[in-house]
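Per-entry structural report
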Amino acid sequence: MRRAIELAKKGEGFTSPNPMVGAVIVKDGRIIGEGYHERYGGLHAERNALASVTESPKGAVIYVTLEPCCHYGKQPPCVDAILEAGIARVVTGSDDPNPLVAGKGFKKLIEHGVEVTTHVEKEACDALNPVFFHYIQTGLPYVAMKYAMTMDGKIAAYTGQSKWITGEEARAFVQKLRHRYTGIMAGAGTVLADDPRLTCRIPGARQPVRIICDTRLRIPSDANVVETAKEIPTILATCQADPDRIRPFEEKGCQVLTLPEEDGHVDLRALMRELGKRQIDSILLEGGGTLNWSALKSGIVQKVYCFTAPKLFGGADAGTPVEGRGVASPGEAFPLTHLKVTQVGEDLLIEGEVDTD
Ligand code: AOF
Ligand code: ZN
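Along every chain, residues carry numbers that run from 1 in the direction the sequence is written. Here the convention is simple: chains get letters from A, ligands get numbers from 1, in the order in which they are written. The model is predicted, so local features are restricted to residues of pLDDT at least 70 and side-chain atom pairs to those at 80 or more, both for listing and for counting; the totals for chains, interfaces and linings are taken over all residues.

Time to look at the overall build of the protein chain. Along the backbone of the protein chain there are 12 helices and 16 strands. Values of the radius of gyration come from C-alpha atoms, whereas the globule rule sets the reference at 2.2 Å times the count of residues to the power 0.38. The C-alpha atoms of the protein chain give 23 Å as radius of gyration, which agrees with the globular expectation for 357 residues (21 Å, within 12%). For the protein chain, with 357 residues in total, the buried portion stands at 42%. C-beta atoms are placed from the backbone for every residue, and two residues are taken to be in contact when these atoms lie within 7 Å. By sequence separation, contacts in the protein chain at least 24 residues apart represent 70% of the contacts at least 6 residues apart. Helix and strand definitions follow DSSP, with helices as H or I runs of at least four residues and strands as E runs of at least two, each counted in order from the N terminus. Neighbour density around each residue's C-beta defines its exposure: 20 or more other C-beta atoms within 10 Å make it buried, 12 or fewer make it exposed, and counts between make it partly exposed, where C-beta atoms are placed from the backbone.

Take a look at the structure:
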C-alpha cells in the first residue's frame, strides 16, 4: 500500500477534480503490476495496473489507495476490470465518498466472491485527497490560505515593501503549491500594488486559473493578469454590474462574475458556489490581510500554510496576514488542528486545518 501511495502522488496537479489514486498488483509475494491515475479523464489506477502486469493476474491481490469505482463515468467501472482479471483479493485504503461509488464498489466485489480488506494505511491514503473528499461532498472548492510573515507577524514593512520575506526554498515550495491547486486567488489590492502574474514558473507545470476579487473593479485593464487572460484563464469576481466597465476586461479574455455584496465585499460563499460549478476544486488563497479576513470569516477556508521567516520588521502600520476587524476575544479565535511544522530552507512552514465545525 505504501508503494501504491507513492505511485498515486505522481498524478499530483493533473487529476483534478478527480482523486490521486495508486494501485499495485501482487502475486506470490511479488509485484506483477503497478499503475496510477495519471491525468483527469484518463484510465483509473486499477486499469493502468492491470494493463502493466508481467504475468496473469488470476488469483492475485490488488492494493488500491481508494475504493474501486463501479459506475460509468469518463471511464468504465474498475470493479468490472478486477472481476474479469480474476483478482482474488482487494485491499484498499480510503473509502470513496463519491455518491456514485460510496460502498457500492465493495459490495459488488464481495457479491462476486472477492475477498475485500479496507482501511489499510487509511490515514496516509486519506491524506492524498483532502481536496477530492471536500469537493465531491460539498461541490465547493477546498481553500488553502497561504502567507509569508516575519516572526513578529508582518507580511510587509511599513512602506509596503515585501520582497522578500522568506528565502528561496520557501518561494520554490509556493511554486509547487501553485501547480497543485486548480485556482489561485488574490485581491485587487495585491494586483494594484505588485501587478503580479500569479503563474507557476515550474517548467511543464499546470497553470492555476487566476481569480481576482475586485469588489469595485478597480484593477487597470492593462494589469498582467488581464493582458495574459487569453493564455491563462482569469476570473474577475466583482459587485460591479455596469457593462461599460466590464467590457474592456471581457475583450481581453477575462471572465467577469458579478456577485452579490456581503459586508462591503464580494460575497465569497456565492463566489465559491460559482467556482465549484466551473470544476474549480481547490484554491490557493494568496490574499492580503483584508481578503484573508473576509475569507476566514465567511467560512470558506479549510487550510492554512503559514511560512515564518526568522526576522523581525516591527512597525504598528506594517501589514499582517489577517486584518479586517478580527475577533473580540481569544475565546472567539478560529482554532487550527492537525498541525504540521517543517523547516523549508531557512524558514518554518506551519500547516494547520481550520476547524469548521
Ligand atoms: C479517477 N481515478 O484512479 C479512480 C477514480 O469519470 P471517471 O470515470 O473518471 O470517474 C471518476 C470517479 O471515479 C471519481 O470521482 C472517483 O469516485 C472514482 N475513482 N477516479 O479519476 C482513479 N480510482
Ligand atoms: Zn475506477
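Take the UniProt feature "binding site: substrate" (unreviewed entry) in the protein chain next. UniProt positions are given in the numbering used here, feature names are shortened, and annotations may be inferred rather than shown by experiment. Annotation from UniProt places "binding site: substrate" (unreviewed entry) at Ser162, Arg178, Leu198, Arg201 and Glu286. Looking at the secondary structure, you find Ser162 in the loop between β6 (142–150) and α7 (168–180). Ignoring sequence-local partners within four residues, the contact set of Ser162 consists of Ile155 and Ala156. Looking at the secondary structure, you find Arg178 in helix α7. The buried category is assigned to Arg178, around which 22 C-beta atoms lie within 10 Å.

Before going further, it helps to examine the site of ligand 1. Nearness here has a simple definition: the residue's C-beta atom, placed using the backbone, must lie within 6 Å of the molecule or strand. If you check the shell around ligand 1, you find 15 residues, and the closest are Asn18, Val21, His44, Gly73 and Asn98. Each residue gets one of three labels, nonpolar for Ala, Val, Leu, Ile, Met, Phe, Trp, Tyr, Cys and Pro, charged for Asp, Glu, Lys and Arg, and polar for the others, Gly among them. Taken together, the residues of the shell around ligand 1 break down into 7 nonpolar, 6 polar and 2 charged.

Adjacent strands of a sheet pair through backbone hydrogen bonds, lying either parallel or antiparallel. The criterion for strand pairing is that DSSP finds at least two bridges linking the strands in question. With mixed pairing, 9 strands are arranged side by side in an open sheet as β10-β9-β8-β7-β13-β6-β14-β16-β15. In the strand order of this sheet, the two ends are held by β10 (255–258) and β15 (336–344), each with one partner. With strand direction ignored, the average angle separating the axes of adjacent strands in the sheet is 20°. As judged from the 4 bridges shared by β6 and strand β13 (residues 282–285), these two strands associate in the parallel manner. From the neighbouring strand, Met145 faces β13, where its bridge partner is Leu285. Strand contacts of helix α6 (residues 130–138): β6, β13 and β14 (301–309), with the helix running at about 135° to β6, the strand carrying the most contacts. Axis definition: a line fitted to C-alpha atoms, limited for helices to the stretch in contact. Angles are taken between N-to-C directions and run from 0 to 180 degrees.

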